[in-house]
Amino acid sequence: MTTPDPKADLLRYLRSAREALLFKLDGLSEYDARRPLTPTGTNLLGLVKHAAGVELGYLGDTFGRPSGEPLPWLSEDAETNADMWATAEESRADITGLYRRAWAHADATIGALPLDTVGRVPWWPSGRDEVTLHHAVVRVLADTQRHAGHADIVRELVDGATGMDRQNTSMPSDDPAWWAAHRARLERAARDA
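Residues numbered from 1 in each chain as written. Predicted model: local features only at pLDDT ≥ 70, side-chain atom pairs only at ≥ 80, totals over all residues. Heavy atoms only, no water.

J.: Please explain the overall build of the protein as it appears in this structure.
T.: Scanning the protein for helices and strands turns up six helices and two strands. Helices and strands in the protein line up, N terminus first, as α-α-α-α-β-β-α-α. With respect to the principal axes defined by its C-alpha atoms, the protein has extents near 55 × 50 × 35 Å. Across the 193 residues that make up the protein, the buried fraction comes to 41%. Taking contacts inside the protein between residues at least 6 apart in sequence as the whole, the part at least 24 apart equals 73%. Of the roughly 11300 Å² of accessible surface on the protein, a fraction of 55% belongs to carbon and sulfur atoms. (Helix = DSSP H or I, 4+ residues; strand = E, 2+ residues; numbered from the N terminus. Buried < 20%, exposed > 50% of the residue type's maximum accessible area, 1.4 Å probe, protein only. Contact = heavy atoms within 4.5 Å. Areas by Shrake-Rupley, 256 points an atom, 1.4 Å probe, with all protein chains shown as cover.)

J.: How should the packing of helix H1 (residues 6-23) against helix H3 (residues 44-58) be read in this particular structure?
T.: Each pair of packed helices can be summarised by the angle the axes make with each other and by the distance between the axes. Between H1 and H3, the least distance of the axes is 10 Å, while the angle of their chain directions is 150°. Judged on the interaxial angle alone, H3 and H1 are roughly antiparallel. Every pair of crossing elements has a handedness; the one defined by H1 and H3 is left-handed. The segment H1 lies against H3, with Leu 14, Arg 18, Leu 21 and Leu 22 engaging Leu 47, Val 48, Ala 51 and Glu 55. A class-by-class count of the residues in the contact of H1 with H3 yields six nonpolar, no polar and two charged. (Axes fitted to C-alpha atoms, helices over the stretch in contact; angles between N-to-C directions. Parallel < 35°, antiparallel > 145°, perpendicular 65-115°, else oblique. Left-handed = near helix turned anticlockwise from the far one by under 90°. Nonpolar A, V, L, I, M, F, W, Y, C, P; charged D, E, K, R; others polar.)

J.: Even after reading the chapter, I still don't get the packing of H3 against helix H5 (residues 133-159), so can you show me in this structure?
T.: At their nearest, the axes of H3 and H5 sit 10 Å apart, and the two run at 180° to each other. Taken as axis vectors, H3 and H5 run roughly antiparallel relative to one another. Residues Leu 44, Leu 47, His 50, Val 54, Glu 55 and Tyr 58 of H3 form the contact with H5, whose participating residues are Ala 136, Arg 139, Val 140, Asp 143, Thr 144, His 147, His 150, Ala 151, Val 154 and Arg 155. In terms of residue class, the contact of H3 with H5 is built from eight nonpolar, four polar and four charged.

J.: Honestly, the side chain of Thr 96 in this entry has me stumped. Any pointers?
T.: With respect to the helices and strands, the residue Thr 96 is situated in helix H4 (residues 92-112). Polar side-chain contacts of Thr 96 include one of 3.5 Å to the backbone oxygen of Ala 93. With residues up to four places along the chain from it excluded, the contact list for Thr 96 reads Leu 22 and Leu 25. (Polar contact = N/O pair within 3.5 Å; in protein donor to acceptor, adjacent residues only side chain to side chain.)

Listed below in structure tokens is the structure:
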């Protein structure tokens, strides 16, 4: 049996979540990548923008490794929730490029520091702002997975597309008739409950 490598495990799952989040943008128009599909405005490109900032903050600034990337949505005079949507001036390429640079920066932090390295989260209250790199990576991984799940649902609302990636739909059927019957059965169960 090989000795487990915690960093490799964390990175494998983090990289998978990142790719799943970006995969949800594939093939969409600019409008569909940006349009709000929930009452709170959840949209695919905004989820990617948010995830980029999370990685740069928790796996960069927290450990004294600022990326130098300008994040205007984090300034004191920024609009509330500005990290959760893309302005018309922010292109998809800008945001996905930022996210990929955030990955590289975060991966470099993970590679350079031991998991027990202590950092300080700048936006947490003083005295409760210390975290280990291990904790920060788990936090970013959980946040990315959560938002990849949001992206799954939002993408399905846009055009019905599902799955983790091109090779793994993780769906029991690709037959629309099967899904219509399945949904009808669930609707009956909900009404009968």
